[in-house]
Amino acid sequence: MQPVSQILQRLPFKLHWLLVLLMAFVIPLLTAHTDKPGEFYPFSNFPMYSRFEPATYYVYVTDEKDQDLRMGPLFGRAPSDVKKVYDRKLNDAKKAHGGKVKKADLPPEIRAEAAQSVLQWLVDNTPDKSSLSNAKGLRLHRVDIVFTDGAVKQTTQLEGELALP
Amino acid sequence: MNTAPSDRPGFLKRSLSYWFRKEDFAMPDWEVVLLRVFLALLVWDTHTGWIAFWTQPMQALHAILYNAFDADITYTTQPHPNGIAMWFDLTFLSNDSVEGPLRALTALSLVLFACGIAAEWSLAIPTLFGIAAATLNNSQGSIGHTAQGLHLVLLVLWLAGIYQRLTGRSKSWLWGGLGQGRMGMNWARQGLAAAYVVSAITKVINSQGLWFANAQYFSLHLLKNNGMEYHDRLDPAALKMDWLPAVLMEHPLACQFLFGIALPLELLAFLGLQNRRAAALFGIGLICFHETVTLLTNLSFILNKALLLALFVSPIWWLLVGWRSPKDAGSTAES
């Protein structure tokens, strides 16, 4: 059997394979204890769309009268970012509850607390705070998309709200 | 000397050899220069967002020249530190007296990189500031991958410059030289291919080998992405494809084919490093896949598409050099 060093010497595109090893195996191993294993910017194992399940969801924000808001221009964050932040809050809450309960089955008051902290984070980081002066409050809504009984079903529910001064 | 027909390798062997034998990319000088300018512009997009206007040249030019003045990092905390933010507090970047000069120096550095100043000098600030700013952004609770491929390529280009400096391959203290540029682009291509191969490996691991089978549920993500796109700007056009998921769920094989094809394309992306033909093949395949996903889900992938176009497809090289016979093309490439 050829010594490993000889095989490595003949391996083409060494940098490529070094990066593959680093991003696919080493970093996920070293970051396994974090809440985003595999992510160490600009290195990533690109986990998005790596696992499809028959259920997913997204969130959006309205004012206190349930009027839709243009989230991107208003908050400077895409709805996908807001969903990821909310999902992380639910993950934290799930861990605090011993990790046995599903995120969707967390008590409404816990979800409302998570939603409120996401809305507060959005307000705190809004690039132009005067754009929120007309709103008396913000609401976070959740849209569940589920494939069940041979059909796709969507349901929307209010997760939480934040009163604005 | 002609090979007797009976001695000729079979069609399959000849085809595999044609597409996948290892050949030097033999980048002409002008291609290295063009790529440096193009990559500098791509990096500048992460500070200005000018690519959003790429179909309107005057607006794009305006964005390139002026949008950086409006760019502002607002995060004063990093509640979920990612990457180097686990060790360093990067919130100092939100201080305008730090951010402004760093962005100005980034612009100047990118111009110097495009002009040929060695990557180890000219890419230091764009790489460190770009990655640090994106890391701070990714330390807010959500991980974004929009510019991840570009920042990976940028880091690799910078490291290629440092490597050549440390190993004494740089001929001039200041100028990178076209040889350095060729090696940098070669490393950049390897870095980009690695991102795709890793993405495929993760798909296989995370789905426990069932990624292709479960790809039928991708249609649920179409609804999710279109819904999020709508709420981003309240543009009804984002919902124009909402009829499709139901159709795809009724025809799971079509869905599996549409999205399942991504797995072999990504997993074998390293074959695109073998030669120009394979690079173009995989580059076009991956761009087509990204474009399909863009049409269906409104996810842009514009930086990935641009990188694939420049580093893998190289349309200008094919127009000016590639269509000629290999002998002619080779002599031009080495000039």
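Residue numbers run consecutively from 1 along every chain, following the written order of its sequence. Chain labels run from A onward and ligand labels from 1 onward, assigned in the order the entries are written. Note on the predicted model: pLDDT of at least 70 is required for a residue's local features to be given, and 80 or more for side-chain atom pairs to be given and counted; whole-chain, interface and lining totals, by contrast, use all residues. No hydrogens and no water enter the side-chain calculation; it runs on all heavy atoms of the structure.

1. Structural notes on the packing of helix H4 (residues 79-96) of chain A against helix H5 (residues 108-124) of chain A
Residues and elements named next belong to chain A.
1) Next: Interaxial distance between H4 and H5 falls to 9 Å at its minimum, and their mutual angle equals 140°. By the angle class used here, H4 and H5 are oblique. Of the two elements, H4 crosses H5, and the hand of that crossing is right-handed. For the pair H4 and H5, contact is made by Val82, Val85, Tyr86, Lys89, Leu90 and Ala93 and by Ile110, Arg111, Ala114, Ala115, Ser117, Val118, Trp121 and Leu122, respectively.
2) Next: Ten residues, namely Ala, Val, Leu, Ile, Met, Phe, Trp, Tyr, Cys and Pro, are considered nonpolar, four, namely Asp, Glu, Lys and Arg, are considered charged, and the remaining ones, Gly among them, are considered polar. Of the residues assigned to the contact of H4 with H5, the class counts are eleven nonpolar, one polar and two charged. Throughout, an axis means a line fitted to C-alpha atoms (over the contacting stretch in the case of helices), and angles, computed between N-to-C directions, take values from 0 to 180 degrees. Think of it this way: any DSSP run of H or I at least four residues long counts as a helix, any run of E at least two long counts as a strand, and we number them from the N terminus. When describing relative orientation, an angle under 35 degrees is termed roughly parallel and one over 145 degrees roughly antiparallel, while 65 to 115 degrees is termed roughly perpendicular and anything else oblique. Each helix crossing is assigned a hand: it is left-handed if the near helix lies turned anticlockwise from the far helix by less than a right angle, otherwise right-handed if that turn is clockwise. Any pair of residues with heavy atoms lying within 4.5 Å of one another is described as a contacting pair.

2. A short note on the packing of aromatic side chains
1) Next: Ring pairs shown here join Phe, Tyr and Trp side chains whose ring centres sit within 6.5 Å, with only the six-membered ring taken for Trp; geometry is labelled stacked below 30 degrees between planes, edge-to-face above 60, and tilted in between. Counting across every chain of the model gives ten aromatic pairs over all chains.
2) Next: When the centroid spacing of 5.0 Å and the interplanar angle of 90° are considered together, the rings of tryptophan 317 of chain B and tryptophan 318 of chain B count as edge-to-face.
3) Next: An aromatic cluster is present here, built from Tyr49 and Phe52 of chain A together with Trp211 and Phe218 of chain B joined pairwise through their rings.
4) Next: Geometrically, a lysine NZ or arginine CZ counts as sitting over a ring once it is within 6 Å of the ring centre and also within 35 degrees of the ring normal. Lying over the aromatic face of phenylalanine 25 of chain B, arginine 189 of chain B brings its terminal NZ or CZ to 3.9 Å of the ring centre.
5) Next: Lying over the aromatic face of tyrosine 18 of chain B, arginine 277 of chain B brings its terminal NZ or CZ to 4.4 Å of the ring centre.

3. Re the pattern of salt bridges
All names here are of chain A.
1) Next: Put simply, a salt bridge is a Lys or Arg side-chain nitrogen that is within 4 Å of an Asp or Glu carboxyl oxygen. By the definition in use, this model includes 17 salt bridges over all chains.
2) Next: Here arginine 139 ties to glutamate 161 by a salt bridge, and the two come within 2.9 Å at their closest N and O atoms. Highlighted residues: arginine 139 in strand S4 (residues 137-148) and glutamate 161 in strand S5 (residues 151-163), separated in sequence by 22 residues.
3) Next: Judged by relative accessible area, which is 40%, glutamate 161 ranks as partly exposed.
4) Next: When salt bridges that share partners are traced, they join Asp66, Arg139 and Glu161 into one network. Throughout this description, buried means an accessible area under 20% of the type-specific maximum (1.4 Å probe, protein chains only), exposed means over 50%, and partly exposed covers the range between.

4. Concerning the sheet that holds S4 of chain A
1) Next: Strand pairing is assigned whenever DSSP identifies at least 2 bridges connecting the two strands. Pairing is antiparallel across the open sheet formed by three strands, whose spatial order is S3-S4-S5 (chain A). Edge positions in the sheet fall to strand S3 (55-63) and S5 of chain A, since each of these pairs with one other strand and no more. Sheet twist, expressed as the average angle between the axes of neighbouring strands with direction ignored, equals 20°.
2) Next: Pairing of S4 of chain A with S5 of chain A involves twelve bridges; the strand directions are antiparallel. Within S5 of chain A, the position partnered with leucine 138 of chain A by the bridge is leucine 162 of chain A.
3) Next: The strands touched by H5 of chain A are S3, S4 and S5 of chain A; relative to S5 of chain A, the strand with the most contacts, the crossing angle is about 70°.
4) Next: Packing against the sheet, helix H10 (residues 218-233) of chain B makes contact with S3, S4 and S5 of chain A, and its axis sits at approximately 10° to S3 of chain A.

5. Topic: the confidence of the model for chain B
All names here are of chain B.
1) Next: Of the residues in chain B, 95% have a pLDDT of 70 or more, and the chain-wide mean is 89.
2) Next: Along the chain, pLDDT gives the predictor's confidence residue by residue, from 0 to 100. Long-range and interchain partners of residues 331-335, a stretch whose pLDDT sits below 50, account for seven contacts in this model, where long-range means more than four residues apart.
3) Next: Model confidence for the complex: the whole-complex pTM is 0.85, and ipTM, which rates the interface, is 0.90.

6. Focus: a nonpolar patch on the surface
1) Next: The patches described consist of residues with a relative accessible area above 30% and no salt bridge, like charges being joined within 9 Å and nonpolar side chains (Val, Leu, Ile, Met, Phe, Trp, Tyr) within 5 Å. Surface accessibility follows the Shrake-Rupley procedure with a 1.4 Å probe radius. Residue values consider only the protein chains on display as shielding. On the surface, Leu21, Phe25, Val26 and Leu30 of chain A together with Ile205 of chain B cluster together to form a nonpolar patch covering roughly 460 Å² of accessible area.
2) Next: Of note, leucine 30 of chain A is situated in helix H2 (residues 14-30).
3) Next: A residue is classified by how much of its surface remains accessible, and leucine 30 of chain A, at 60% relative accessible area, is exposed.

7. A closer look at the environment of leucine 34 of chain B
Residue and element names in this part refer to chain B.
1) Next: The residue leucine 34 is located in helix H2 (residues 29-48) in this model.
2) Next: The class of leucine 34 is partly exposed, set by a relative accessible area of 42%.
3) Next: Between the alpha carbons of leucine 34 and alanine 310 there is a distance of 9.3 Å; along the sequence they are 276 residues apart.

8. What about the pairing of S3 of chain A?
Residue and element names in this part refer to chain A.
1) Next: Counting buried positions along S3 yields eight of nine residues, so the element is predominantly enclosed.
2) Next: Sheet topology note: the S3/S4 ladder contains nine bridges and is antiparallel. Among the inter-strand pairings, valine 61 is bridged to a residue of S4, identified as leucine 140.

9. Comments concerning the interface of chain B and chain A
1) Next: Taken together, the contact between chain B and chain A spans 63 residues of the former and 57 residues of the latter.
2) Next: For the pair chain B and chain A, the summed buried area comes to about 5700 Å², and 68% of that belongs to carbon and sulfur atoms.
3) Next: Along the contact surface separating chain B from chain A lie zero salt bridges.
4) Next: N or O atoms within 3.5 Å of each other form a polar contact, as long as, within protein, one can give a hydrogen and the other can take it, and as long as residues adjacent in sequence are counted only when both atoms are side-chain atoms. Taken together, the connections running from chain B to chain A amount to 26 residue pairs in polar contact (both at pLDDT 80 or more).
5) Next: Of the residues forming the side of chain B that touches chain A, the biggest block, 14 residues, is contributed by helix H8 (residues 177-206) of chain B.
6) Next: Split by residue class, the side of chain B that touches chain A holds 32 nonpolar, 26 polar and five charged. Accessible-area loss on putting two parts together, using a 1.4 Å probe and summing over both, is the definition of buried area adopted here.

10. Some remarks on the pairing of S4 of chain A
Consecutive side chains of a regular strand alternate in pointing toward one face of the sheet and then the other.
1) Next: Counting buried positions along S4 of chain A yields nine of twelve residues, so the element is predominantly enclosed.
2) Next: What sits between S4 of chain A and S5 of chain A in their antiparallel hairpin is a turn of two residues, with aspartate 149 of chain A showing a positive phi close to 50°.

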